[in-house]
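Structure assessment
What follows is the residue order along each chain.
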Amino acid sequence: MPIATVNPATGETLKTFDALGPEETERRLAAAAATFRTYRTTPFAERARLMERAAALLDEDRDDVARTVTTEMGKPLAAARAEAAKCAKAMRWYAARAEALLADERPPEDEVRDAGAAHARVHYRPLGVILAVMPWNFPLWQVVRFAAPALMAGNVGLLKHASNVPQTALYLEDLFRRAGFPEGCFQTLLVGSGDVETILRDPRVAAATLTGSEGAGRAVAAVAGDEVKKTVLELGGSDPYVVMPSADLDRAVATAVTARVQNNGQSCIAAKRFIVHTDVYDAFTERFTARMAALTVGDPMAEGTDVGPLATERGRADLEELVDDAVRRGATALCGGRRPGAPPELTRGWYYEPTVLTGITPAMRIHREEAFGPVAALYRADGLDEALDLANDSPFGLSSNVWSRDEDEQRRFVRDLEAGGVYFNGMTASHPALPFGGVKRSGYGRELSGHGIREFCNVTTVWHG
């Protein structure tokens, strides 16, 4: 895949970039390793000052960088602005809390004595150079939620971003440089996916984090495993959105629409499988379908747009194949299910209409595969047990949404849902204070919160006799 900015609203290639050659890649690896040797000892107060400065610059740049993001991957401009603001918030969150999150831990005195020590503690040290392989769908946030904790912990970062968001990737490198982080502390590598293995195998790279497809995760994990290097993987998701009879149906419907089409439907934690109790199924389906059909599909730069184009032509083709397979096997499209036929400007870009499918069966690909676009799969459940069975009948386990005000039902879902998160009466969203990650084929490890900042630390036992 060429490294290029291709506007998904028009299909026009706006700018292309040459991939880094071996000599420049080596120079950047050497710079990262050299910088880590000194940056690792930088006091937390200085790291926090630099991170706060980066946040302030991002706030100043918000409108301009949002336009870059929208141009490169097609999300509505308002969503791009919100993404930039969220990144600045996370930077400030870690700047304020990193020192406390990584403070030494001291076991109880009786346990220390039982270990034969006069004193003992757990100390957190940075690992070194962390390679981040990041996707295009949240091209600022996915990077910052790695970079903010990693840099605050004393690590340095190398970013291999998706090849269709090169200007966003270069902006992030420049942002940390302008904030005053040492040269080599955070660098963007404009390289193809074929170069990742060589970089990851380099002994100067200590660990890797990847957000992306299951295939990409398998490839990186295999190399890292061979090299015995730590990885954190956040892969696909096909999150269930369960609606039980006690739900506030108006709120559940309104939130369901946002949960499905956020980011043009291209989010790992977007709700994708809507599992509705039979007692409220008909009412939910009618209202949900009407709201999905009423969404405005259009130019992502226009303020009134709800759903912009998909980020890539291949991505739209993949989505079409999933929908066509389902319909061919007996599913019904209550709305959408096709490319817009008008106006003419929508036919030039990679647009797809918001879609609601019913009659989903296990024979259909969409029952097992992630629909990465504004397509909702709707299921009817006769009771709590069937709802849980449907929710767990997926190779993925990233997050989940449950609408129920029944405390007994809530306890069952917390106990039995196979997911990294259970969100009641609201929409799954990532926040710096809460750990984020999944189970099954959605990956392993956690980002954000104290769990995230400690993922790339050497958890060191210090024992004094």
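Every value quoted in this text rests on a predicted model; they were computed, and no experiment measured them. (Residues numbered from 1 in each chain as written. Predicted model: local features only at pLDDT ≥ 70, side-chain atom pairs only at ≥ 80, totals over all residues. Heavy atoms only, no water.)

1. Comments concerning the overall build of the chain
Filter applied, for reference: Helix and strand labels come from DSSP, where a helix needs a run of H or I of at least four residues and a strand needs a run of E of at least two; each type is numbered from the N terminus. For this measure, only C-alpha atoms enter the radius of gyration; the expected value for a globule follows 2.2 Å times N^0.38, where N is the number of residues. Throughout this description, buried means an accessible area under 20% of the type-specific maximum (1.4 Å probe, protein chains only), exposed means over 50%, and partly exposed covers the range between. Any two residues whose heavy atoms approach within 4.5 Å are treated as being in contact. Method for areas: the Shrake-Rupley scheme with a 1.4 Å probe, in which residue coverage is limited to the protein chains shown. In this tally, Asp and Glu contribute negative charge and Lys and Arg positive charge; neither His nor the terminal groups of the chain are included. One atom stands in for each charge, and that atom is NZ of Lys, CZ of Arg, CG of Asp or CD of Glu.
Tallying secondary structure elements over the chain gives 15 helices and 19 strands in all. For the chain, whose C-alpha radius of gyration is 23 Å, the value lies close to the compact-globule estimate of 23 Å for 465 residues. Dimensions of the chain along its principal axes, counting C-alpha atoms only, are 70 × 60 × 40 Å. Looking at the chain as a whole, 56% of its 465 residues are labelled buried. Within the chain, residue pairs in contact and separated by at least 24 positions form 73% of the contacts whose partners lie at least 6 positions apart. Approximately 18600 Å² of the chain is accessible, and the part contributed by carbon and sulfur atoms is 50%. Between the averaged position of the 53 positive side-chain charges in the chain and that of its 63 negative side-chain charges there is a distance of 3 Å.

2. With respect to the nonpolar core
What counts here: We define the nonpolar core as a collection of buried residues of types Ala, Val, Leu, Ile, Met, Phe, Trp, Tyr and Cys that are connected through side-chain atoms lying within 4.5 Å of one another.
Membership of the largest hydrophobic core comes to 85 residues, with the highest contact counts inside it found for Met51, Leu58, Met91, Leu131, Phe176 and Phe181. Residues Phe274, Tyr281, Val307 and Cys335 belong to the second largest nonpolar core, which totals 29 residues.

3. A short note on the packing of helix α2 (residues 44–73) against helix α5 (residues 141–152)
Put simply, the rule reads: With axes taken as lines fitted to C-alpha atoms, and helix axes fitted only over the stretch in contact, angles between N-to-C directions fall between 0 and 180 degrees. Note on terminology: angles under 35 degrees are roughly parallel, angles over 145 are roughly antiparallel, angles of 65 to 115 are roughly perpendicular, and the others are oblique. Under the convention adopted here, Pro, Cys and the residues Ala, Val, Leu, Ile, Met, Phe, Trp and Tyr are nonpolar, Asp, Glu, Lys and Arg are charged, and Gly plus all remaining residues are polar.
Relative to each other, α2 and α5 sit at 155 degrees, their axes nearing to 9 Å. Of the possible angle classes, the one that applies to α2 and α5 is roughly antiparallel. Across the interface between the two elements, Phe44, Arg47, Ala48 and Met51 of α2 pack against Ala147, Ala148, Leu151 and Met152 of α5. Counted by class, the contact of α2 with α5 contains 7 nonpolar, no polar and 1 charged residues.

4. With respect to the packing of α2 against helix α3 (residues 77–101)
Contact pair α2 / α3: the axes reach a minimum separation of 8 Å and the direction vectors enclose 175 degrees. As judged from the angle between their axes, α2 and α3 are roughly antiparallel. In terms of residue class, the contact of α2 with α3 is made up of 19 nonpolar, 1 polar and 9 charged.

5. Brief notes about the environment of Asp202
Quick reminder of the rule: In protein, a polar contact requires one atom able to donate a hydrogen and another able to accept it; more generally it is a pair of N or O atoms within 3.5 Å, and residues adjacent in sequence count only if both atoms are side-chain atoms.
Mapped onto the elements, Asp202 comes out in the loop between α7 (196–201) and β7 (205–211). Setting aside its immediate chain neighbours within four residues, Asp202 contacts Leu29 and Lys229. A polar atom in the side chain of Asp202 sits 2.8 Å from the backbone nitrogen of Arg204.

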